[in-house]
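Below are the chains, spelled out letter by letter.
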Amino acid sequence: MQKITIKKILNKKSKTPITCLTAYSKTIAQIADKYCDIILVGDSLGMVLYGMKTTRDIKIETMILHGKTVKESTRKSLVVFDMPYKTYANKFIAYRNAKKVLKLTKCDAIKLEGGKKIANIIKYLTKRGVPVMGHVGLLPQTSINYKVKGKNFSEKEKILEDAKAVSNSGVFAIIVECVVENLAKKITKNVTVPTIGIGASKYCDGQILVTDDMLGLSEFLPRFVRQYSNLRKVIEKSVKNYVKDVKMRRFPSFKNVYR
Ligand code: KIV
């Protein structure tokens, strides 16, 4: 099993689609590691696992616990740690936190949300050897709504400029979240690093989804998600049958008992 490196990710641009999923736990990380190029320990875990209202509430210490587990459960994929809100407020804070995260979790890279505004922070980190993935378009940590971005000319121009600024700051890939198709296409053409789309069309160099969404565990499903399983239904049926069996004294049965 060959380890995916940043060089390999860069080489895939315009050639081979880059495959990515989120993981917060050992089991999902072990499975995703068999098939995905990149595993993201996304700050979406605040909402998905802990039921928080936004991704802004998750603490770096909680993320570190999940990051460590995910990294320890993988051998091949590149593991990216999503830096939580306010942990990269300026370049000094960002560097201190990035070093701490990489030391404690052993993850391969970090991800920062934002465009032009954080380009100097990204440059500061990458110049000091911290591998960074960018994130433009819809920015869950700071966007005022979760609506698709790039519908009007000025927004389109701004996001394109953001992507170029981030690309020129030394990132090895950029997540492009929830933007209209022709903008995703333009960004992908105009930046030198691979783009990884989520709700950003087939024109990106790779794709990422929140694993709980594509497995059918999440309650709300955005239009851009394809649901590959309905685990919520599978789990509910299993729980219902277990409870029924216990009540009917059908479980434990002969084969579940020690003698
Ligand atoms: O936190 C996350 O899961 C993400 C993805 C939506 C890309 O940033």
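Residues numbered from 1 in each chain as written. Predicted model: local features only at pLDDT ≥ 70, side-chain atom pairs only at ≥ 80, totals over all residues. Heavy atoms only, no water.

Inspection of every chain in the model, using the stated rule, returns three aromatic pairs. Summarising the aromatic geometry, the rings of phenylalanine 92 and tyrosine 124 are spaced 5.7 Å apart at their centres and angled 75° between planes, so their arrangement reads as edge-to-face. Here phenylalanine 92 is found in helix H5 (residues 91-105), whereas its partner tyrosine 124 is found in helix H6 (residues 119-127), with 32 residues between them in sequence. Judged by relative accessible area, tyrosine 124 falls into the buried class, the value being 16%. When the ring of tyrosine 95 is compared with that of tyrosine 124, the centres are 6.0 Å apart and the planes differ by 90°; the resulting orientation is edge-to-face. With tyrosine 95 in helix H5 and tyrosine 124 in helix H6, the pair connects residues that are 29 residues apart, well separated along the chain. What makes tyrosine 95 partly exposed here is its relative accessible area of 23%. Through a chain of ring-to-ring contacts, three or more aromatic side chains come together here, namely Phe92, Tyr95 and Tyr124. For the cation-ring pair, arginine 56 lies above tyrosine 85, with the distance from its terminal atom to the ring centre recorded as 5.8 Å. Directly above the aromatic system of tyrosine 124 lies the positively charged group of arginine 128, at a separation of 3.6 Å from the ring centroid. (Phe/Tyr/Trp six-rings, centres within 6.5 Å; stacked < 30°, edge-to-face > 60°. Helix = DSSP H or I, 4+ residues; strand = E, 2+ residues; numbered from the N terminus. Buried < 20%, exposed > 50% of the residue type's maximum accessible area, 1.4 Å probe, protein only. Lys NZ or Arg CZ within 6 Å of the ring centre and 35° of its normal.)

Now for the nonpolar core. In this structure, Ile110, Leu112 and Leu125 are the most contacted members of the largest nonpolar core, which totals 53 residues. In contact with leucine 125, not counting residues within four places along its chain, are Ala94, Tyr95, Ala98, Ile110, Leu112, Val130 and Val132. Ile18, Ile38, Leu40 and Leu78 belong to the second-largest nonpolar core, a separate cluster that totals 16 residues. (Core = buried A, V, L, I, M, F, W, Y, C linked by side-chain atoms within 4.5 Å. Contact = heavy atoms within 4.5 Å.)

Quick look at the site of the ligand now. Around the ligand, the structure places Thr22, Leu40, Gly42, Asp43, Ser44, Asp82, Lys111, His135, Glu177, Ile198 and Val210. Between the ligand and the protein, one listed contact pairs an oxygen atom with a side-chain N or O atom of aspartate 82 at 3.1 Å. At 3.1 Å, a side-chain N or O of lysine 111 approaches an oxygen atom of the ligand. Looking at the shell around the ligand residue by residue, the class counts come to three nonpolar, four polar and four charged. (Near = heavy atom within 4 Å. Polar contact = N/O pair within 3.5 Å; in protein donor to acceptor, adjacent residues only side chain to side chain. Nonpolar A, V, L, I, M, F, W, Y, C, P; charged D, E, K, R; others polar.)

A word on H5. Its 15 residues give H5 an end-to-end C-alpha distance of 21 Å, which sits within 8% of 21 Å, the value for a rise of 1.5 Å per residue. Turning to H5, its buried residues are Ala94, Asn97, Ala98, Val101, Leu102 and Thr105. Buried residues of H5 fall within an arc of 130° about the axis and therefore sit on the same side. In this structure, H5 carries Phe92, Arg96 and Lys103 as exposed residues pointing more than 90 degrees from its buried face. Here the buried face of H5 lies against helix H4 (60-72), strand E3 (78-82), strand E4 (109-111) and H6. You can read the cap of H5 off the contacts: a side-chain oxygen lies 2.9 Å from the backbone nitrogen of phenylalanine 92, and it is on asparagine 90. (Expected span 1.5 Å × (residues − 1). Arc of directions from axis to C-beta.)

Of note, the bond from phenylalanine 251 into proline 252 is cis; its omega dihedral lies within 30 degrees of zero at -5°. By the secondary structure assignment, proline 252 is in the segment after helix H10 (231-247). Positive phi, normally seen in glycine, also occurs at serine 201, with a value near 70°. Checked against the element boundaries, serine 201 lands in the loop between strand E7 (195-198) and strand E8 (206-209). In this model, arginine 249 sits at a positive phi of 60°, which is unusual for a non-glycine residue. For arginine 249, the location among the structural elements is in the segment after H10.

A few words now on the environment of aspartate 43. Here aspartate 43 shows up in the loop between strand E2 (38-41) and helix H3 (45-48). C-alpha of aspartate 43 to C-alpha of threonine 126: the two residues are 83 residues apart in sequence and 21 Å apart in space. Sequence-distant contacts of aspartate 43, that is, excluding residues within four places in its chain, are made with Thr55, Ile58, Met63, Asp82, Glu113 and Gln141.

Taken as a whole and judged by the stated rule, the model has 10 salt bridges. Residue lysine 111 is joined to aspartate 82 by a salt bridge in which the shortest nitrogen-to-oxygen separation is 3.0 Å. You can see lysine 111 sitting in strand E4 and its partner aspartate 82 sitting in strand E3, a full 29 residues away along the chain. Overall, the relative accessible area of 2% leaves aspartate 82 in the buried class. With a closest N to O distance of 2.7 Å, lysine 158 and aspartate 162 form a salt bridge. With lysine 158 and aspartate 162 both in helix H7 (residues 153-167) and four residues apart, this pair spans about one turn of that helix. Given a relative accessible area of 9%, aspartate 162 falls into the buried group. Linked by salt bridges that have partners in common, Lys3, Lys71 and Asp108 make up one network. (Salt bridge = Lys/Arg side-chain N within 4 Å of Asp/Glu carboxyl O.)

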